[in-house]
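What follows is each chain in one-letter form.
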Amino acid sequence: MSSHGPAPVEFSVDLSAHEMLRRAHVLDALGPDWDPGAALRGEEEAYELLYSGLDADQQRVYDELVSAGVLPPRGGGHAAS
């Protein structure tokens, strides 16, 4: 034994089975009628609605956030009208 304490021991845990079980539970909770395409389209519609009808100052801030990479570009980098 060295003066620096015991040597480190390798420790690993395989969570593969747990991850598969977790995914199965998520899909079960979503149910058989869940449509990922519809969910994505709904998110896109909500995003467009959120950034629609901006006044000039809000549009400027939105454009700055898109340019800085804080928000993803939509509709050529401009909010929906």
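Please refer to the structure higher up on the page.
The following paragraphs examine the structure supplied in this document. Computed from a predicted model, the values in this text were never measured in an experiment. Each residue is numbered by its place in its chain's sequence as written, counting from 1. Given that this is a predicted model, residues contribute local features only at a pLDDT of at least 70 and side-chain atom pairs are listed and counted only at 80 or more, while totals for whole chains, interfaces and linings are drawn from all residues. The side-chain values count all of the structure's non-hydrogen atoms but skip hydrogen atoms and water molecules.

So, helix 1 (residues 16-30)
Along an α-helix, a turn takes 3.6 residues, which lines up residues three or four apart on a common side. The terminal C-alpha atoms of helix 1, which comprises 15 residues, lie 21 Å apart, in line with the 21 Å expected from a rise of 1.5 Å per residue. Once helix 1 ends, the next one or two residues include G31, with phi positive near 85°. Strands here mean DSSP runs of E at least two residues long; helices mean DSSP runs of H or I at least four residues long; both are numbered from the N terminus. A helix is expected to span 1.5 Å multiplied by its residue count minus one.

Thoughts on the pattern of salt bridges
Charged atoms that come close allow side chains of opposite charge to pair. Any Lys or Arg side-chain nitrogen found within 4 Å of a carboxyl oxygen on Asp or Glu counts as a salt bridge. By the definition in use, this model includes 5 salt bridges. For R60, the salt bridge goes to E64, with nearest N and O atoms at 2.8 Å. Taken together, the residues span about one helical turn, with R60 and E64 both in helix 3 (residues 56-67) at a distance of 4 residues. The structure contains a network of salt bridges with shared partners spanning E19, R22 and R23.

Section: helix 3
Taking 1.5 Å per residue, 12 residues should reach 16 Å; helix 3 reaches 16 Å between its end C-alpha atoms and fits that length. Three exposure classes are used, based on accessible area relative to the maximum for each residue type with a 1.4 Å probe and protein chains only: buried under 20%, partly exposed in between, and exposed over 50%. Taken residue by residue, helix 3 has Q59, Y62 and V66 as its buried positions. Buried residues of helix 3, viewed axially, fall in a sector of 60°; they line one side. Residues count as neighbours in contact if any of their non-hydrogen atoms are within 4.5 Å of one another. Turning to helix 3, the residues buried within the fold contact helix 2 (36-50). With a side-chain oxygen lying 3.1 Å from the backbone nitrogen of D57, the N-terminal cap of helix 3 falls on D55. Following helix 3 by one or two positions, G69 adopts a phi angle in the positive range, close to 85°. The arc refers to the directions leading from the helix axis to the C-beta atoms. Pairs of N or O atoms within 3.5 Å make up the polar contacts considered here, provided that, within protein, one atom can donate a hydrogen while the other can accept it, and that residues adjacent in sequence are counted only when both atoms are side-chain atoms.

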